[in-house]
Amino acid sequence: MSRPQPTYDASPQAPLSEDRYEEDDADRVQIVERLSWTPKQRLAYLVDMVAFEERARRARRLG
Amino acid sequence: MPQFQPEEIFRVLDQHQVEYVVIGGVAATLHGSNLRTGDVDICPARDEANLTRLTKALQEIDARIRTSGVPDGLPFACDAGFLAKVDLLNLVTRYGDFDISFIPAGTGGYDDLKRGVVRVDLDPVIVPVASLEDVIRSKKAAGRPKDLQQIPVLETLLEEIRKRG
C-alpha cells in the first residue's frame, strides 16, 4: 500500500467558517480518509506535517 | 530544535522493555485523528523496576527538562528515585518533545489505562495506545481550552470508528 501524499494548507491559519457545520464536515472527510490508512501511515503524515511547519517557521524567520 | 521522530522514541522504549501507554495527541493520531500535535505523551507504570528501565531509555534519548528560553533543555537527576517523586515531566529529547504523565487527568494512571489499551503495529515496534474513549475522557477532565476544542473532532472520530464496527 503506497503512503498517502500529504497535502497542506500553507496559510497561517485554517480559514474560519461562519458555518460550524462546514468545519465539522471537513473534519469528518479528513477522518474518514485517515481511517483508510494504517496507523503507521497516520503517524508518518503527522511527522511530515510537523516537519513542514517547522521549515515554514524557519523560512518566515529568515525572511 | 530536534526533529519530531515519535517512532524512534517508541523504539527506544521498546528496546528497554518499558511498560507504558501512549496517550494524548499521538494516541489520537494513531486512532485516526486529523488534529495536529508535536509531542509524544506517555503514561508509564510506576513500579521501581519499570522506572529503572524508563531511566535507561531517557538517558539514551538525551532527555532534558523542557523549558522556555532554553532550546536544549535543562539536565536533571534522571534516576528511578527522581521519577518516583514526580507526576509530570515535560522533556526535550534528541527525537523531539516527550511528555511523561504518571496520572493523566481523569484517569487512575497506567493500571487504569492499560485495561482499554490497543496494541498498534508500527512495524517493527508494537505500541500500546490508550483507547480513544480514554483519550477523550482525559482531555475532558484536563479541561484546558486546547483540549476542549479537540473534543468535537475526537467524538466525530469515535462515531466513525463505531460505524465501522
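Scroll up to find the structure.
Predicted model only: the values in this text are computed from it and were never measured. (Residues numbered from 1 in each chain as written. Chains lettered and ligands numbered in written order. Predicted model: local features only at pLDDT ≥ 70, side-chain atom pairs only at ≥ 80, totals over all residues. Heavy atoms only, no water.)

A. Quick peek at helix H6 (residues 132-142) of chain B. Residue and element names in this part refer to chain B. Among the residues of H6, Leu-132, Asp-134, Val-135, Ile-136, Ser-138 and Lys-139 are the ones counted as buried. For H6, the secondary structure elements touched by its buried residues are helix H2 (24-31), helix H5 (110-113) and helix H7 (145-163). Gly-143 sits one or two residues past H6 and shows a positive phi near 70°. (Buried < 20%, exposed > 50% of the residue type's maximum accessible area, 1.4 Å probe, protein only. Helix = DSSP H or I, 4+ residues; strand = E, 2+ residues; numbered from the N terminus. Contact = heavy atoms within 4.5 Å.)

B. Structural view of the interface of chain B and chain A. The partner chain A presents 20 residues to the 28 residues of chain B that form the contact. Counting across the interface, chain B meets chain A through four salt bridges. Arg-36 of chain B is the partner of Glu-53 of chain A in a salt bridge, and the nearest nitrogen-oxygen pair spans 2.6 Å. Inspection of the region where chain B meets chain A yields ten residue pairs in polar contact (both at pLDDT 80 or more). Counting residues per element, the ones that place at least two in the side of chain B that touches chain A are helix H1 (6-15), H2, strand E7 (118-122) and H7 of chain B. No other element matches the eight residues that H7 of chain B contributes to the side of chain B that touches chain A. Classifying every residue of the side of chain B that touches chain A gives 13 nonpolar, eight polar and seven charged. (Salt bridge = Lys/Arg side-chain N within 4 Å of Asp/Glu carboxyl O. Polar contact = N/O pair within 3.5 Å; in protein donor to acceptor, adjacent residues only side chain to side chain. Nonpolar A, V, L, I, M, F, W, Y, C, P; charged D, E, K, R; others polar.)

C. A look at the side chain of Asp-112 of chain B. Residues and elements named next belong to chain B. Counting through the fold element by element, Asp-112 comes out in helix H5. Here Asp-112 falls in the buried class, since its relative accessible area comes to 15%. Apart from the residues lying within four places of it in its own chain, the contact partners of Asp-112 are Thr-107 and Arg-137.

D. Quick look at the nonpolar core. Judged by nonpolar contacts, the single largest core of 60 residues is most densely connected at Phe-10, Leu-13, Val-26, Leu-58, Phe-98 and Ile-100 of chain B. If one sorts the elements of this core by residue count, helix H2 (residues 39-62) of chain A sits on top with six residues. Not counting residues within four places of it along the chain, the set of residues in contact with Val-26 of chain B comprises Leu-43 and Leu-46 of chain A together with Phe-4, Phe-10, Thr-37, Asp-39 and Val-40 of chain B. (Core = buried A, V, L, I, M, F, W, Y, C linked by side-chain atoms within 4.5 Å.)

E. Spotlight on the state of the cysteines. All names here are of chain B. One pass over the structure, following the stated rule, counts zero disulfides over all chains. Counting only cysteine sulfurs, Cys-78 is the nearest neighbor of Cys-43, a cysteine outside any disulfide, at a range of 17 Å. The buried category is assigned to Cys-78, whose relative accessible area is 16%. (Disulfide = S-S within 2.5 Å.)

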